[in-house]
Amino acid sequence: MPSDSDTSLTQNLRIIAIVSSTFVSMLCIGMTLTVLPPWIHDRLGYASITVGAVISLQFLVTLMTRPFSGRLADLLGAKRIVLSGLVGCAVSGAFIALAALFESPPGPALACLIISRVLLGISQGMIGTGTLSWGIGLMPAPLMSKVISWNGIAGYGALALGAPLGAFIAGVQGVASMGIVIVLVALTALVTSLKRPASPIVSGERAPFRRVFRVVAPYGLTLALSAIGYGVIATFITLYYADKGWSNAALGLSAFGTAFILARLLFANTITRFGGYRVTLVCFMVELAGLSMLWLADSSNTALIGTTLTGLGVSLIYPALGVVAVAKISASNRSAALGAYSVFLDAAVGVTGPAAGIIAGIAGYSAIFLAAALSSTLGLILCAGLYANSRRRRARASVQPFAPDS
């Protein structure tokens, strides 16, 4: 009979195997983000607005297709959706290699890149939602928060690794070689994923997406308010440091990422132990403290502490609220719920950049961290309201009416 430690190790290895699909998809994205913008601008000769449109297209497509991917995962099975996404990643890499063959004139190359970005966006929507549903479907319910947390670690870790890896490959062998590497990595992940057990397709009523969206929306909105802190740090911390005359902005980004990953590794079990609402409330308070320090920072050391605290605060909000949100939906609509929930994160990160840029232009870079702190405060208030409503519902449900005397 296997011991508890053996069972735990087996479960952890299975989670790692499943979230490796997210790692691969985000690795493919990370490799393109450092290589394609300068290549489109300098080599193909297109303006910055075209560069931004082509790169942003992938994220826009992911935002638009994620709900559809969730519904397909409920109907066809999460594993099948993830495998389809890996195929899409491979084909997107092939179109990057093709683009490198059509540099002159640049029109065909740009067309290939647009197709590649669309395919990569669809694939990320499939893999991001499908992997979570796959892992949750295979693991016992108490491990749901660990699946969500480790999936996020895989994604952020892959982005951090993919950026320098893509630059190295393209610098040594050219853009076409990077596209080929993406093909090989995705196909390798596809072959290894074929051997893994599929999660069961849960029978039951498939609720209309609008109904699922309405149920998930309060938790997704709370998540979106927390994600603004991440968005402003990822987009503007370098410019903020430069504006203040500080060096080592990269250290601030590293501190945020390190705190984020360590919190998910060390504290994911607190969600099961204390509940998603309580963990989210604490995380919002920590994030608010970090963003406030960034707003008022008078030295790079203070800013470094601020980015670290923000990373700690943001880290567990997605899995903590995700556990609560998914519990509100029947298992037969789990993937649709995860897709709807993730839409709020995609939208928040996408909107934060331009909105914060407008604020910085009017009031300076410090003001964007004040705005993010205010958003975090709103998220804290909304989460507290949701928690209070949940407690009232449980209290009413626990009161049993007395039977009349006979």
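This text follows the structure it describes.
Residues numbered from 1 in each chain as written. Predicted model: local features only at pLDDT ≥ 70, side-chain atom pairs only at ≥ 80, totals over all residues. Heavy atoms only, no water.

## Observations concerning the overall build of the chain
Now for step 1: Tallying secondary structure elements over the chain gives 14 helices and 0 strands in all.
Now for step 2: Once the C-alpha set of the chain is aligned to its principal axes, its extents read approximately 90 × 55 × 45 Å.
Now for step 3: Relative to its full complement of 406 residues, the chain shows a buried share of 49%.
Now for step 4: A separation of at least 24 residues holds for 84% of the contacts in the chain among residues at least 6 apart in sequence.
Now for step 5: Within the structure as shown, the chain displays about 17,900 Å² of accessible surface, and the carbon and sulfur contribution to it stands at 69%. (Helix = DSSP H or I, 4+ residues; strand = E, 2+ residues; numbered from the N terminus. Buried < 20%, exposed > 50% of the residue type's maximum accessible area, 1.4 Å probe, protein only. Contact = heavy atoms within 4.5 Å. Areas by Shrake-Rupley, 256 points an atom, 1.4 Å probe, with all protein chains shown as cover.)

## Here's the deal with the packing of aromatic side chains
Now for step 1: Overall, the coordinates contain 9 aromatic pairs when judged by the stated rule.
Now for step 2: Arranged with centres 5.8 Å apart and planes meeting at 85°, the rings of Tyr240 and Trp246 form a pair that is edge-to-face. With respect to class, Tyr240 is no different from Trp246; both count as buried.
Now for step 3: Through pairs of rings, three or more aromatic residues link up here, namely Tyr240, Tyr241, Trp246 and Phe369. (Phe/Tyr/Trp six-rings, centres within 6.5 Å; stacked < 30°, edge-to-face > 60°.)

## Focus: the packing of helix α7 (residues 209–244) against helix α11 (residues 300–315)
Now for step 1: Viewed as axis vectors pointing N to C, α7 and α11 meet at an angle of 155°, and their least axial separation amounts to 10 Å. Judged by the angle between their axes, α7 and α11 are roughly antiparallel. α11 is crossed by α7, and the crossing has left-handed handedness. Residues Ser226, Tyr230, Ile233, Ile237 and Tyr241 of α7 touch α11, and the partners they reach there are Ser300, Ala303, Leu304, Thr307, Thr310 and Val314. (Axes fitted to C-alpha atoms, helices over the stretch in contact; angles between N-to-C directions. Parallel < 35°, antiparallel > 145°, perpendicular 65-115°, else oblique. Left-handed = near helix turned anticlockwise from the far one by under 90°.)

## Focus on the packing of α7 against helix α12 (residues 317–327)
Now for step 1: At their nearest, the axes of α7 and α12 sit 10 Å apart, and the two run at 175° to each other. Our classification of the angle between α7 and α12 gives roughly antiparallel. When α7 is examined against α12, the residues Val216, Tyr219, Thr222, Leu223 and Ser226 are found in contact with a partner set consisting of Ile317, Tyr318, Leu321, Val324 and Ala325.
Now for step 2: When the residues that make up the contact of α7 with α12 are grouped by side-chain class, the tally is 8 nonpolar, 2 polar and no charged. (Nonpolar A, V, L, I, M, F, W, Y, C, P; charged D, E, K, R; others polar.)

## A closer look at the environment of Ser21
Now for step 1: Along the polypeptide, Ser21 turns up in helix α1 (residues 4–43).
Now for step 2: The exposure class of Ser21 is buried, given its relative accessible area of 1%.
Now for step 3: When the C-alpha atoms of Ser21 and Thr192 are compared, they prove to be 9.7 Å apart, with 171 residues separating the residues in sequence.
Now for step 4: Setting aside its immediate chain neighbours within four residues, Ser21 contacts Val82, Leu86, Ile127, Thr131, Ser193 and Arg196.

## Description of a nonpolar patch on the surface
Now for step 1: On the surface, a cluster of nonpolar side chains totalling about 400 Å² of accessible area is made up of Leu262, Leu265, Leu266 and Phe267.
Now for step 2: Looking at where Leu262 falls in the secondary structure, it is placed in helix α8 (residues 249–267).
Now for step 3: Residue Leu262 is classed as partly exposed on the basis of its relative accessible area of 42%. (Patch = residues over 30% accessible without salt bridge, like charges linked within 9 Å, V, L, I, M, F, W, Y side chains within 5 Å. Salt bridge = Lys/Arg side-chain N within 4 Å of Asp/Glu carboxyl O.)

## Some words on the nonpolar core
Now for step 1: Among the nonpolar cores identified, the biggest contains 41 residues, and Leu36, Trp39, Ile40 and Leu113 are the most heavily contacted of them.
Now for step 2: Looking at this core, the elements that each hand over two or more residues are α1, α2 (48–76), α3 (78–101), α4 (106–138), α5 (144–173) and α6 (175–194).
Now for step 3: The leading source of residues in this core is α1, at 11 residues.
Now for step 4: Those residues in contact with Ile40 that sit more than four places away from it in its chain are Gly45, Tyr46, Val51, Val54, Ile55 and Leu113.
Now for step 5: Membership of the second largest hydrophobic core comes to 40 residues, among which are Ile15, Met139, Ala154 and Val326. (Core = buried A, V, L, I, M, F, W, Y, C linked by side-chain atoms within 4.5 Å.)

## Some remarks on helix α10 (residues 276–296)
Now for step 1: An ideal rise of 1.5 Å per residue puts 30 Å on 21 residues; α10 measures up with 30 Å between its terminal C-alpha atoms.
Now for step 2: Listed in full, the buried residues belonging to α10 are Gly276, Tyr277, Val279, Thr280, Leu281, Cys283, Phe284, Glu287, Gly290, Leu291 and Leu294. (Expected span 1.5 Å × (residues − 1).)

## Some points on the side chain of Gln58
Now for step 1: For Gln58, the location among the structural elements is in helix α2.
Now for step 2: Looking at Gln58, its side chain comes within polar contact range of the side chain of Arg117, at 3.2 Å.
Now for step 3: Apart from residues lying up to four places away in sequence, Gln58 is in contact with Ile29, Arg117, Leu120, Gly121 and Gln124. (Polar contact = N/O pair within 3.5 Å; in protein donor to acceptor, adjacent residues only side chain to side chain.)

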